[in-house]
Structure formats: C-alpha cells, structure tokens
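If you want the building blocks of each chain, they are given just below.
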Amino acid sequence: MTQSNTWSERFESALNPAIAQFNASIPFDIELLPYDIQGSIAHAKMLGQTAIIDEWEAQQIVQGLQQILTEYENGEFQPGIEEEDVHFAVEHRLTAIIGEVGKKLHTARSRNDQVGTDLRLYLRDKISQIRHDLRQYQQALLDLAQTHVETLIPGYTHLQRAQPISLAHHLLAYWEMAQRDWERLGDVWKRTNVSPLGCGALAGTTFPIDRHCTAAELGFEDLYRNSLDAVSDRDFAIEFLNASSLIMVHLSRLSEEIIVWASQEFRFVALSDSCATGSSIMPQKKNPDVPELIRGKTGRVLGHLQAMLVLMKGLPLAYNKDLQEDKEGLFDAVKTTQACLQAITILLAEGIEFRSQRLSEAVAEDFSNATDVADYLANKGVPFREAYNIVGKVVKTSLANGKLLKDLTLAEWKAIHPAFEEDIYTAIAPQQVVSARNSYGGTGFQQVRQAIEHAKLLMNENH
Ligand code: ARG
C-alpha cells in the first residue's frame, strides 16, 4: 500500500490491505475521470486567476491534467487499488508528471466538493445522452404510428376487449409517456447543473477563491448557496433515479404488451429474426427476449432508486463516507436505461411486424361495438341508461345464439327496438366505430392524425 499515507503524516502505519480494498472506490469511480479532470482544470485556472497560485503554475497543472486525460483515453492510465479513489489517483499522477507544483492543485478544495462536482458533471452529460435516446425511441414510435393510423386493434380494459381503437393511438400513448420522461429529465438537468465547487470539506475556505468563475467555466447555471448543503446533497441523483425509474416502468409496460401480442393466443405481432431468439430444445419457438429483458432490467433501476433514498435518510450533515455508495447504482441505472432505450428503438424499427389480417379479424369477432349500439339508440332519443340495458339483452341473446351483432337481421333489430334502421350496420362496423370517436384525445382517425402532427412539432423542441 504505497500511497496509504496520502492523507497525512499523522498516520503512522499503513492500512490493513483488506481495509484498503474495502475503503477504495477506484474500481468504479474511475468512470468519473474525465469529469474529475474537467473540474480540476476549472479549479486550477481559477487558482491562477485569483493569484492563489502563480499563473505559470496553473498552466503547468492544466497541461498535466490534459495529459492524464489523454493517457486515460489511450488506456495507458489504469490506477490500482492503492490509489483509493479517482481523485487521489489523478493528483498522484499529476505530481509524477509535473513535479512538486502538482501538489498545489488541491489548494482551497476538498474531495467532498470535488466528488460532488464530478458527479454533477457526469450526470449532466448522461441526462443529455438519455434525452437523445428518448427522442430516437419517440421517433420509432411515431414512424410506426404513421403507418398504422387506420390499422385497428382491440382496445382493452381489465384485459377484456372493450372498444376497438386505432393502433397508432395505442402507440402514441407510449409516445406521450416518453414525452413526459423527456420533459422530466430536462427538469432534473436544471437542478443537477448547480456548482458545489469551492464549498470545501463542509464550511467553505479561507482562500480568496472565485466560485462564480469555476461555475461559469464548467457551464453550471447556478451555485449552491450553502456549503453544508452543497457537499452532502444528492437530491439531484435521486431525482434522476426517479425519472429513469419512470422511463423503465413505461418501457416495461410496452414490453409486456409486445410479449403478450407475440404469444400464440394473441398473434397480433410477428417478431423478426434479427430481434428474437430460439429455444435450445423446442425448435418451433421464437422468444421475445428483448422486451423480456427490458421488463426484467426495470427491477434493477427501481432498486437503485430505493437504495439511494435509504442511503440518504439517516445521514447527518455534512459529508459522510456512506456517500461513496451513491455511485455504482447510479452508473448502473444510467447504463441500463440507455441500453433499454436503444434496444426498444431497434425492436420497434425492425423487430416487430403487426399482423394486419389477424388484427382486423380480432376487432370483428367480438362485442366490442356494443357501446356503439347504445350510442346509436341514445342518438335517436332513447335515454343512455335505457339503451345500455336494451343492448345488454341483445348481447345476451346473441351470445346464446352464437351470433355477433353484425349478424342480426334488420327484422331482429327492429324487434329489439323500433328505432333501429338500415344504418345500424354501418354504425357498428369496426372502422366506423373507431372513426366516430372524434372527441379531443380520442381514437378517431382525425384526432390521431392531429396527434401525430402535434407530436412532430414537440419533437423539434430541444430544451
Ligand atoms: N471516494 C470518495 C467518495 O466517493 C471521495 C470523497 C472522500 N471524502 C472524504 N472525506 N473521505 O465519496
């Protein structure tokens, strides 16, 4: 443990190797390296500008830091467990490259404000990437919706066939969820983009630093006003985990539907070979692995949210080492959410085909047009509740006779109620049933076409 006395001469003996291993975060916080360098460059420049260190010293430090980043990107910088964490690793390497002046970098700073800065820079970057992934996913939904405005699919409540709907309407429901996810992440971004740098260990610093200068250099829109809050706040990470949990919940719901639709019982979709796998023993099978994995991975992200909330709930001000535990779950949530968004986008673009023949049979083979018969009578002046009861009886006798509503003769209709005319047949045809639901936000084709146009407009917004 060569670096075991990094923190001070106060310590006389080296750390127990097992404890050093237990204490270290370098195996996972190395992922923060580019952001650590970015933060340190801003800090060093500010130290030079405020004459806390000499300008030439600041320049040397900046150059050294840039070199470390290059080494890291080329795979030449791989610090081991003896470095404890990414912050020490960079500082030691800096001193090895530029000599004693490297030891001035940590003036007026603590690892507490440093790690908070790194985490915010990291998450800010990832939020932008995930918002981009969400846009790709929304585009895939929109493309599919555009080709399926007039494709009908049974609409369900209680997983019982309720009323036929436009397939595009169904897909656009997921587009709307993704739009809220996109907006929510924009909101999280604002509260992530706040600078804790310069708050020191917990109480600020005796040096005449310029926090506004580092914040501006790093593109932070605001600064923490309270140093204790700055070094111990992880609300932004919790908010992110909440937002990513919701993304995953939405993807999981769509995945569940795709899995059900692909089953032999439904046969609403066919999965293409490029996105499905076979069984090692049952040659007839084609498995919907992608949506199943998304549904499964949702549990991980939801778990990370729970873990972070529990991590924070008992912490006194200000920094506590418990906070080192904030990283792995967060990193995994970021990676999982991105991977799932990218996979579902591919699945929608090339992995799934709606079986139009099967869908049009499905919407014609049941009583999901019964509401429309009641609406028909209500339009002719019969009070809706009475109409509802009349249709209930019709469904009952039709079921007993093995008939669908479309199979009833006009004489049979008239026997039920004299208000029925020849136009009852068009009123209950699936295409008409859907088209007629032209209320705002409904499944009527005109509404769906407007929803698509509106979605296209919102997709052009980028902040
Ligand atoms: N590795 C630490 C973490 O991730 C860095 C901050 C350490 N601060 C301290 N006071 N020990 O939280």
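The structure reproduced in this document is the subject of the present report. Fair warning: this is a prediction, and the values are worked out from it, not measured in the lab.

Okay, the overall build of the protein chain next. Within the protein chain one finds 19 helices and 6 strands. Whereas a compact globule of 463 residues would reach a radius of gyration of roughly 23 Å, the protein chain reaches 31 Å, over 25% beyond that. The dimensions of the protein chain, computed from C-alpha atoms along their principal axes, are 100 × 50 × 40 Å. Across the protein chain, the fraction of contacts at a sequence separation of at least 24, relative to all contacts at a separation of at least 6, is 76%. Element-wise, carbon and sulfur atoms account for 52% of the exposed surface of the protein chain, whose accessible area totals about 22200 Å². Charge separation in the protein chain, taken as the distance between the mean sites of 43 positive and 61 negative side-chain charges, equals 7 Å.

In this section: the nonpolar core. Residues Tyr137, Phe240, Leu251, Leu330 and Phe354 are the most contacted members of the largest nonpolar core, which totals 88 residues. Top contributing element to this core by residue count: helix α6 (residues 111-147), with 13 residues. Once residues lying within four places of it in the same chain are set aside, the contact partners of Tyr137 are Tyr174, Ala178, Leu251, Leu254, Leu341, Ile344, Thr345 and Leu348. Residues Ile61, Val62, Ile98 and Val101 belong to the second largest nonpolar core, which totals 26 residues.

To continue, consider the packing of aromatic side chains. Applying the stated criterion across every chain, the model contains 8 aromatic pairs. Centroid distance Trp413 to Phe420: 4.7 Å. Interplanar angle 50°. Geometry classified as tilted. Residue classification places Trp413 among the buried positions, given a relative accessible area of 0%. On the basis of relative accessible area, Phe420 is assigned to the buried category, the value being 0%. Taken together, the ring pairs in this structure connect Tyr35, Tyr122 and Phe331 into an aromatic cluster. Directly above the ring of Phe11 sits Arg10, whose terminal nitrogen or CZ lies 5.6 Å from the centroid. Taking the ring centre of Trp182 as reference, the NZ or CZ of Arg135 above it sits at 3.7 Å.

With that settled, consider the site of the ligand. Around the ligand, the neighbouring residues are Ser25, Asp29, Asp85, His87, Arg111, Asn112, Val115, Tyr319, Gln324 and Lys327. Here Gln324 contributes a side-chain N or O atom positioned 2.8 Å from a nitrogen atom of the ligand. At a separation of 2.5 Å, an oxygen atom of the ligand approaches a polar side-chain atom of Lys327. Compared with its free state, where it exposes 340 Å², the ligand has 86% of that area covered by protein. Here the shell around the ligand gets 3 residues from one element, more than from any other, and that element is α6. Across the shell around the ligand, the residue classes break down as 2 nonpolar, 4 polar and 4 charged.

Compared with the 38 Å implied by 1.5 Å per residue over 26 residues, the 38 Å span of helix α7 (residues 167-192) between its first and last C-alpha is a close match. For α7, the N-terminal cap is Ser166; the gap from its side-chain oxygen to the backbone nitrogen of Ala168 is 3.1 Å.

Within the secondary structure, Leu408 sits in the loop between α15 (384-400) and α16 (410-416). Sequence separation between Leu408 and Val394 is 14 residues; the distance between their C-alpha atoms is 9.7 Å. Look past the residues within four positions of Leu408 in its chain and what remains in contact with it is Val394, Ser398, Lys403, Trp413, Ile416 and Tyr425.

Let us look at the layout of surface pockets. Computed from the structure, the largest pocket encloses a volume of approximately 610 Å³. Lining the largest pocket are 24 residues; nearest its centre among them are His169, His170, Leu172, Ala173 and Tyr174. Of all elements in the fold, only α7, α10 (235-261) and α19 (445-459) reach the threshold of two or more residues within the lining of the largest pocket. Broken down by element, the lining of the largest pocket gets its largest block of residues, 7 residues, from α7. As a volume, the second largest pocket reaches approximately 330 Å³. Along the walls of the second largest pocket sit 15 residues, with Ala262, Ser263, Gln264, Lys286 and Asn287 positioned nearest its centre. Sort the elements by how many residues they give to the lining of the second largest pocket and strand β5 (residues 269-271) lands first, with 3 residues. The residue inventory of the lining of the second largest pocket, partitioned by class, reads 6 nonpolar, 4 polar and 5 charged.

Another aspect to go through is a nonpolar patch on the surface. On the surface, Leu202, Leu228 and Leu317 cluster together into a nonpolar patch covering about 270 Å² of accessible area. If you trace the backbone, Leu228 turns up in helix α9 (residues 227-232). The class for Leu228 is partly exposed, based on a relative accessible area of 31%.

With that out of the way, let us pick up the side chain of Thr298. Secondary-structure assignment places Thr298 in helix α11 (residues 289-313). A distance of 3.4 Å separates the side chain of Thr298 from the backbone oxygen of Met248, its partner in a polar contact. Excluding residues within four positions of it along the chain, Thr298 makes contact with Met248, Val249 and Ser252.

In an α-helix there are 3.6 residues to a turn, and that puts residues three or four apart on one side. Along its 17 residues, α15 runs 24 Å from first to last C-alpha, staying within 8% of the 24 Å computed at 1.5 Å per residue. Elements in contact with the buried residues of α15: α14 (370-379) and α16. Of the residues trailing α15, Gly402 is marked for its positive phi of about 65°.

At a closest axis distance of 8 Å, the pairing of α10 and α11 adopts a crossing angle of 160°. For the element pair α10 / α11, the angle class is roughly antiparallel. In this structure, the crossing between α10 and α11 has a hand that is left-handed. Taken together, the residues that form the contact of α10 with α11 break down as 16 nonpolar, 7 polar and 4 charged.

Take the pairing of strand β1 (residues 152-157) next. Direction of pairing for β1 relative to strand β2 (residues 160-166): antiparallel, over a ladder of 6 bridges. By the bridge assignment for β2, Gly155 is matched with Gln163. The turn linking β1 back onto β2 is made up of 2 residues, and His158 within it adopts a positive phi angle of 55°.

Rules of the game
- Residues numbered from 1 in each chain as written.
- Predicted model: local features only at pLDDT ≥ 70, side-chain atom pairs only at ≥ 80, totals over all residues.
- Heavy atoms only, no water.
- Helix = DSSP H or I, 4+ residues; strand = E, 2+ residues; numbered from the N terminus.
- Rg over C-alpha atoms; globule rule 2.2 N^0.38 Å.
- Contact = heavy atoms within 4.5 Å.
- Areas by Shrake-Rupley, 256 points an atom, 1.4 Å probe, with all protein chains shown as cover.
- Lys, Arg positive; Asp, Glu negative; His and termini not counted.
- Charge placed at Lys NZ, Arg CZ, Asp CG, Glu CD.
- Core = buried A, V, L, I, M, F, W, Y, C linked by side-chain atoms within 4.5 Å.
- Buried < 20%, exposed > 50% of the residue type's maximum accessible area, 1.4 Å probe, protein only.
- Phe/Tyr/Trp six-rings, centres within 6.5 Å; stacked < 30°, edge-to-face > 60°.
- Lys NZ or Arg CZ within 6 Å of the ring centre and 35° of its normal.
- Near = heavy atom within 4 Å.
- Polar contact = N/O pair within 3.5 Å; in protein donor to acceptor, adjacent residues only side chain to side chain.
- Nonpolar A, V, L, I, M, F, W, Y, C, P; charged D, E, K, R; others polar.
- Expected span 1.5 Å × (residues − 1).
- 1 Å grid on protein atoms, 1.4 Å probe; cavity = no way out; pocket = protein on both sides within 12 Å on 5 of 7 lines; lining within 4 Å.
- Points joined across faces, edges and corners; volume = space filled by probe spheres on them.
- Patch = residues over 30% accessible without salt bridge, like charges linked within 9 Å, V, L, I, M, F, W, Y side chains within 5 Å.
- Salt bridge = Lys/Arg side-chain N within 4 Å of Asp/Glu carboxyl O.
- Axes fitted to C-alpha atoms, helices over the stretch in contact; angles between N-to-C directions.
- Parallel < 35°, antiparallel > 145°, perpendicular 65-115°, else oblique.
- Left-handed = near helix turned anticlockwise from the far one by under 90°.
- Pairing = 2+ DSSP bridges.

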